[in-house]
Structures are given as structure tokens and as C-alpha cells.
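Observations on the model geometry
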Amino acid sequence: YIYPEGNSSSTAVTVTQSAATITTAVKKLEFKNSAGEYSLKINADANWKASSDQTWISVSPSSGTPGEKVLKVSVSPNTSISSRSGYVDFQINSKDILSIPVTQEGYFLKSEPTSLTMSAGEETKSVKVLSNSSWRILTKPSWLTVTPSSGKDTLNVSVKSAENPDVVERSGYIVLKADNISLTCSLKVAQSGQHFAYGKDYYECLDSAQTISINIESATTWGAHTDATWMSVSPTNSKGNGVLKVKLQENKGDDERIGVVTLNVGTKSYDITIKQRGKYFIVNSKDANTFSS
């Protein structure tokens, strides 16, 4: 600018132009283990090229002109049990502009939950099998029923336990196997034992004939027996709560005698010891008479 007096001044104007870029609304691509394809929409400011660092990822077309474009990003099947990852890379004038992460899951097989606890009686619980392949039950305990015994992908299955006849807890594993790959998972199942209780472990009795009553608390079948010839038990087999009658014959001997009644519940046994006195004669010297000379 020139002033009337002849003086002049100047100013500088800075012009900035952004570099060409590529944009997309997609932040990452995720694929199942099977072959798949995704239509990726991009918007480019200049001519571009696309490629991937992994051979199992392909991009078509691999280059294009400015504007909005749609690319096909494809993956081949993943036959491994491990997931894998890579990138789709975009360049403008040989300069890296954009990288989109690509992940593909491998085969998997698992259950939710990974363990079950069942009550002593019959019980049914639901388990979710999570998989991306067909699968089947490989092994299971004989006291468990699994429905269905095979399936595909994610599925709810029913696990039913038979009544545990024992007072001891039992456990086992349901093993599932994928059909098309060497892949298994295990579900642990534990079942509580039955409740069982009785009176005392030891009884001491007089020499006379008598019957001892022992209260039994049980939710399952139980039995009783004795090897002592001077005792008998009734009942010898029963189920549920009841009263065990132990009948003792008179002890006509001078010596005490000891016998054992054994209770059996499943694989567990309990011994009740019974002691019976013999005949006895006692002289109490404190009550003796005193005679004069």
C-alpha cells in the first residue's frame, strides 16, 4: 500500500493446504473363524492404494480415485484354535495414511459355568455351551444325563443328575469335543451326599433281656446287621427316617460281652458298640453287721 506522502508498507498472507487424507467410520473389523467379507466404505481426497500385511486378508479393489468408494475386505477360514490379527493399510503417494485393525477368531469350545454343584436328590440345571463349530458329548458320568448330547455353535443344554444313594459326595466330568478340530473342554459336576444320622456310637446295658431303640435320620436306603449271636436287629433294610430295634438276649454268664451293630449306607458304614454286663454279686462292707465277742 502506498500512502499519499509517498511512503509504502506491505503484509504477508499465509496459505495452508491440508494433506490429502482418507476417512472411514469403521474403527476395526472383526470376523468369525469362517471365511467372511465386509464392505468397507471410505472417502479419499486423492488417488489411493490399499493392501494388507497378512496373506489371509485380501482387499478389492487395491487402488482407487478420489471420492467415496466401497472396498471388499475378505478373510479366509481360520482353522486354528488361536485368533489372529492384521491390518488393512491405505496409502496416498506412497505415504501411510490409514490403518484399520482386522481380527479373526479361532475355533473355540467352552461352557458357562465351568462347574456345577448338584444336590443329593434328582436335580436339573442349565449350562450354556459356547462354540463356533459343531460339537458332541465325548464322555460323562453314568449318573448324569445331558440333553441334547450334540449341537452346533452356542446352545443351552440340560444337565440332570440321578439321586445319589450314598452319603459320600461324588463328582465327575462332562467332556465336550469339537467335531472338526482337536478341541475339547470339561465341565466338572459335583453332587452332595445324602444326609444320614443316628443315635450314639456306644451303649452300655444291664444283663437282662431288653430292646434298644435307635433313631435313624436318612434320606436314602440304609441297612443294619450284627455278627453277635446274642443280638438281633430290625429292620435289616429300610429307606428314610426310622427306628432301628436292637434286641439283646439275657446275659446268663458272669463276664460282660461286647457286640457291634453295623449300619451301611452306600459305600459308607458306621459301627455302634453295645456292651452288656454279666451276672454280678456285690457285698457292701459298710453295711456289714458287728457281733459282740
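These notes cover the structure that comes with them. (Residues numbered from 1 in each chain as written. Predicted model: local features only at pLDDT ≥ 70, side-chain atom pairs only at ≥ 80, totals over all residues. Heavy atoms only, no water.)

Considering the overall build of the protein
A count of helices and strands for the protein gives 0 helices and 27 strands. Relative to a compact globule of 293 residues, whose C-alpha radius of gyration would be 19 Å, the protein shows 43 Å and is clearly more extended. When each of the 293 residues of the protein is scored for burial, the buried share is 34%. Once the 30 positive and 28 negative side-chain charges of the protein are each reduced to a mean point, those two points are 4 Å apart. (Helix = DSSP H or I, 4+ residues; strand = E, 2+ residues; numbered from the N terminus. Rg over C-alpha atoms; globule rule 2.2 N^0.38 Å. Buried < 20%, exposed > 50% of the residue type's maximum accessible area, 1.4 Å probe, protein only. Lys, Arg positive; Asp, Glu negative; His and termini not counted. Charge placed at Lys NZ, Arg CZ, Asp CG, Glu CD.)

Focus on the pattern of salt bridges
Pairing is possible between side chains that carry opposite charge, provided their charged atoms lie close to one another. Under the counting rule described, the total for this entry stands at 5 salt bridges. Here Lys 279 and Asp 207 are joined by a salt bridge, their closest N and O atoms 2.7 Å apart. Of the two residues, Lys 279 sits in the segment after β27 (268–276) while Asp 207 sits in the loop between β20 (202–205) and β21 (210–218), which places them 72 residues apart along the sequence. Lys 279 sits in the partly exposed class, given a relative accessible area of 31%. Here Lys 279 ties to Glu 250 by a salt bridge, and the two come within 2.6 Å at their closest N and O atoms. Residue Lys 279 is located in the segment after β27, and its partner Glu 250 is located in the loop between β25 (242–248) and β26 (257–265); the two are separated by 29 residues in the primary sequence. When salt bridges that share partners are traced, they join Asp 207, Glu 250 and Lys 279 into one network. (Salt bridge = Lys/Arg side-chain N within 4 Å of Asp/Glu carboxyl O.)

Here's the deal with the nonpolar core
Inside soluble globular proteins, nonpolar side chains tend to come together where they are buried. Ranked by size, the top nonpolar core spans 22 residues in total, and within it Leu 244, Val 246 and Ile 274 carry the most contacts. Contacts of Ile 274, omitting those with residues within four sequence positions, involve Tyr 203, Cys 205, Ile 212, Trp 230, Met 231, Val 246, Leu 248, Arg 257, Ile 258, Gly 259 and Val 261. (Core = buried A, V, L, I, M, F, W, Y, C linked by side-chain atoms within 4.5 Å. Contact = heavy atoms within 4.5 Å.)

With respect to the side chain of Gln 191
As for its placement among the helices and strands, Gln 191 is situated in strand β18 (residues 184–191). There is a polar contact of 3.3 Å between the side chain of Gln 191 and the backbone oxygen of Ala 120. Setting aside residues up to four positions removed in sequence, Gln 191 forms contacts with Met 118, Ser 119, Ala 120, Gly 121, Trp 143, Ser 161, Ala 162, Glu 163, Asn 164, Glu 169 and Arg 170. (Polar contact = N/O pair within 3.5 Å; in protein donor to acceptor, adjacent residues only side chain to side chain.)

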